[in-house]
Amino acid sequence: MGAPATVQLEGQSLTCAGEWRLPGVAALEARLEQLSLPRGRLEISGEALEGLDVAGARLLHRLVSRVEAAGGEVNLHLCEEHRRLLELAARVRRPERLHEPRESFLSEVGRVSWEHWWEFRGFLGFLGEVVAEFARRLLRPSTARPRRFLNELEQGGVRAVPIVAVLSFLVGLVIAYQLSTALDTYGATVFLPELLTTTMLRELGPLIVAILVAGRTASSYAAELGTMKINEEIDALRTLGISPFDMLILPKLLALIFALPLLTVLAGLSGMLGGALVNWAVHEQGVTAFLQRLPEGMSYRHFWLGLVKAPVFAAVIALIGCRQGLRVKRGAGGVGQATTRAVVQAIFAVIVINAVFSIIYNLQGL
Amino acid sequence: MTRPAGQEPHIELEGLRFQRDGRPIFEDVSLSIPRGKVTAIMGPSGTGKTTLLRLVTGQLLPERGSIRVDGQEVTGIGREALYRLRKRIGFLFQHGALLTDLDVYENVAFPLREHTQLPDCLIHHLVMTKLQSVGLRGAARLMPSQLSGGMARRVGLARAVVMDPELVLYDEPFAGLDPISMGVIVRLIREINEALGLTSVIVSHDIEEVSQVADWAWIIADGRIIAGGTPEELRGEESPWVRQFMHRLSDGPVPFHFPARDYPEDLREVPR
């Protein structure tokens with residue numbers, strides 16, 4: 001390191017000395033700001049400069065411009081090398097706008113819709129591929145992988161049992177409380193079991209399970225496949241003559257399609273248990289009374305209507321998770337983005353599909 | 001350009017053209033790889049050496065040209081045939097590409113379990129002999145995360161040859177290894193090639209190691225084959241390109257700089 005950068009003003013002459021380089025630029029800039037530059041002609045002598053880089057030259061250039069802007073004149077004494085550097089610095093163009101022009105609201109809406117449309121088309125493409133592969137497998141069941149299937153069933157299904165049971169129990173509890181407040185007003189608390197059962201079996205049970213599984217499993221599928229893709233494990237499988245579809249996607253898909261209806265039944269049951277508990281605590285009706293109040297025909301219908309949705313949710317969740325995993329690009333953010341996208345898309349899809357089911361059921365008068 | 005003389009070709013590429021994202025990778029590549037020998041494909045990074053291996057295993061499709069492995073055309077064969085073909089090809093990935101949820105033993109056993117109905121005791125013998133040959137019998141129960149880079153590649157090698165393939169493709173087997181592991185891999189490639197009588201293809205840019213192990217080398221640049229010969233012949237080659245590559249000159253026909261505009265021009269303009 002040479003001497004620190006200095007600048008000295010004496011009357012009409014300014015002497016620059018030391019190292020005018022990047023490390024000292026900040027201090028130097030503050031010092032230059034404080035200088036009250038004289039009017040008229042200014043002699044700047046830089047022969048004593050020990051070093052100059054582009055940052056220093058920019059500073060020098062700014063000083064010159066300041067004097068010239070105030071109507072003064074500058075006489076520079078610099079060695080040839082430094083003068084060329086100053087010329088280069090003088091030609092640096094300032095960007096005209098520091099920020100990109102703001103996208104208009106309309107164009108943003110358009111762009112985002114377009115992106116989502118392509119995302120949706122991509123998903124449909126993946127769905128088509130999976131269906132085609134699956135149809136081919138149906139002809140040769142020997143390619144099935146029971147061990148993988150059971151493993152996935154444990155990960156995605158069995159391990160989700162406690163959380164599904166607890167959460168739907170609590171949701172049942174809350175719904176029952178809300179219902180009994182409303183029903184109390186009309187003195188109709190006897191209808192609580194019917195209403196609760198309908199809600200839990202037909203709507204909330206399947207939805208809670210699907211959202212939980214979307215959060216747990218879609219993310220883990222995306223992360224698993226994404227990491228495998230980055231580690232070249234998926235390429236390795238292909239070159240070993242093993243289709244990643246058989247080995248990874250199919251067991252996951254089938255396991256989830258199998259597990260989700262079972263979890264939905266569990267959710268319905270523990271939700272009803274929560275309701276029965278409230279019924280007993282608030283209205284002092286026993287569980288037997290609660291069960292007796294369940295009009296059989298009606299509950300069965302709701303039970304099946306709720307259950308039908310579960311495999312559809314399962315397929316969509318598994319496919320979204322796998323697709324996002326396989327799309328991961330190299331880079332630190334890749335897997336993180338894929339998991340986020342998997343969870344968001346899966347939950348979104350579940351809620352939209354649920355709405356579609358509701359509309360269809362209503363149109364069919366079910 | 002000369003061809004490796006007097007050898008029956010195992011792999012033959014003819015008039016291969018391939019592009020990715022509109023950028024041509026191969027313009028017109030023709031080469032043949034002799035059976036039972038170690039052949040190297042060399043070239044600077046980014047010339048598509050790995051892409052070439054992927055084309056051979058049918059993971060990518062060329063735009064034009066033909067790829068024949070064992071006399072069988074790879075482009076446009078059905079997927080069943082392609083998977084059958086891949087079972088006869090061993091592939092060593094740059095970083096081993098072990099399945100991270102299986103231990104070393106299961107990784108090596110994996111192709112056997114997938115493709116054969118062999119009884120467990122036979123699988124055990126096969127796995128142990130392969131692990132013995134790469135010197136990692138003692139590491140059988142370690143998980144891939146516990147292995148060093150060189151060890152992972154040796155396990156990858158054991159897995160690549162466990163099905164006794166006729167052809168083994170090595171993708172950058174020397175990249176990023178310490179000198180000792182590098183020596184080990186060089187020795188293993190040579191030994192395995194001789195012991196199993198298979199055809200080896202090495203994609204690499206490590207001239208020293210390739211010279212030690214390869215019988216024949218092709219040099220690729222700018223989407224075409226620019227030279228072929230034994231490593232000794234290539235060292236004596238006069239063309240400026242081959243000279244630059246074989247003698248590690250930083251500037252020459254392959255420029256040091258990525259194409260860019262004028263240097264002062266770039267300095268002057270502050271990006272937004």
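Just so we're clear, the structure is a prediction, and the values are computed from it rather than from any experiment.

What counts as what
Throughout this document, residue positions are counted from 1 along each chain, in the order its sequence is written. Working convention: letters from A go to chains and numbers from 1 go to ligands, in the order in which they are written. It should be noted that, the model being predicted, local features are given only for residues of pLDDT at least 70 and side-chain atom pairs only at 80 or more, the latter also being counted only at that level, while totals for whole chains, interfaces and linings use all residues. Note: side-chain values were computed over all heavy atoms of the structure, leaving out hydrogens and water. For two strands to be treated as a pair, DSSP must find no fewer than two bridges joining them. Helix and strand assignments come from DSSP, with helices taken as H or I runs of at least 4 residues and strands as E runs of at least 2, each series counted from the N terminus. UniProt positions are given in the numbering used here, feature names are shortened, and annotations may be inferred rather than shown by experiment. Orientation is described by lines fitted to C-alpha atoms, with helices fitted over the stretch in contact, and by angles between N-to-C directions that extend from 0 to 180 degrees. Contacts between residues were defined by any pair of non-hydrogen atoms, one from each residue, lying within 4.5 Å. Throughout, buried area stands for the accessible area (probe radius 1.4 Å) lost by two parts on being put together, summed over both. We define a salt bridge as a side-chain nitrogen of Lys or Arg found within 4 Å of a carboxyl oxygen belonging to Asp or Glu. Any pair of nitrogen or oxygen atoms within 3.5 Å is treated as a polar contact; in protein, a donor-acceptor pairing is required on top of that, and neighbouring residues in sequence qualify only through side-chain atoms on both sides. To define a nonpolar core, start from buried Ala, Val, Leu, Ile, Met, Phe, Trp, Tyr and Cys residues and group those joined through side-chain atoms within 4.5 Å. Throughout, exposure labels follow a simple rule: accessible area from a 1.4 Å probe, protein chains only, divided by the maximum for the residue type, with under 20% read as buried, over 50% as exposed, and the rest as partly exposed.

K.L.:
Which residues make up the pairing of strand β1 (residues 9-20) of chain B, and what values go with them?
P.N.:
Consecutive residues of a regular strand have side chains that alternate between opposite faces of the sheet. Residues and elements named next belong to chain B. Taken together, the 8 bridges between β1 and strand β2 (residues 23-34) define a ladder with antiparallel strand orientation. Residue pairing for β2: Leu16 is matched across the bridge by Val29. Here β1 folds back onto β2, and the loop between the two strands holds 2 residues, one of which, Asp21, carries a positive phi near 50°. As judged from the 5 bridges shared by β1 and strand β4 (residues 64-69), these two strands associate in the antiparallel manner. Bridge pairing in β4 places Glu14 opposite Ser66.

K.L.:
Before we move on, can you summarise the UniProt feature "transmembrane region" (unreviewed entry) in chain A with the specific residues and values?
P.N.:
As recorded in UniProt, the feature "transmembrane region" (unreviewed entry) lies at residues 160-180, 253-282, 302-322 and 342-363 of chain A. Here residues 302-322 of chain A is 100% helix and 0% strand, with 31 Å between the C-alpha atoms at its ends.

K.L.:
Mind laying out the sheet that holds strand β8 (residues 199-204) of chain B, listing which residues take part and the relevant values?
P.N.:
Residue and element names in this part refer to chain B. Taken in spatial order, the 6 strands line up as β6-β7-β8-β3-β9-β10 in an open sheet, and their pairing is mixed. Single-partner strands in this sheet number two, and they are β6 (89-92) and β10 (224-229). Strand-to-strand twist across the sheet, computed as the mean angle between neighbouring axes with direction ignored, equals 15°. In this structure, β6 lies alongside strand β7 (residues 167-171), joined through 4 bridges in parallel fashion. Paired with Phe91 across the strands is Leu169, a residue of β7.

K.L.:
Before we move on, can you summarise the interface of chain A and chain B with the specific residues and values?
P.N.:
In this complex, chain A contributes 28 residues to the contact, which on the side of chain B involves 30 residues. With both sides pooled, the region where chain A packs onto chain B buries about 2600 Å², and carbon together with sulfur makes up 53% of that total. Between the two partners, chain A and chain B, sit 2 salt bridges. The closest approach of N and O atoms between B:Arg54 and A:Asp235, which form a salt bridge, is 3.3 Å. Connecting chain A to chain B are 4 residue pairs in polar contact (both at pLDDT 80 or more). When residues in the side of chain A that touches chain B are grouped by element, the largest group, 6 residues, is from helix α8 (residues 233-239) of chain A.

K.L.:
So what about the nonpolar core? Which residues, and what values?
P.N.:
A:Leu237, A:Leu260, A:Ile317 and B:Phe110 are the most contacted members of the largest nonpolar core, which has 66 residues in total. Those elements that place two or more of their residues in this core are α4 (105-139), α6 (161-185), α7 (192-230), α8, α9 (244-283), α11 (296-326) and α12 (334-363) of chain A. Considering each element in turn, this core owes the most residues, 16 residues, to α7(A). In contact with A:Leu237, not counting residues within four places along its chain, are A:Met228, A:Ile242, A:Pro244, A:Met247, A:Leu248, B:Leu99 and B:Phe110. Listed in part, the 49 residues of the second largest apolar core include B:Ala139, B:Val155, B:Met182 and B:Ile219.

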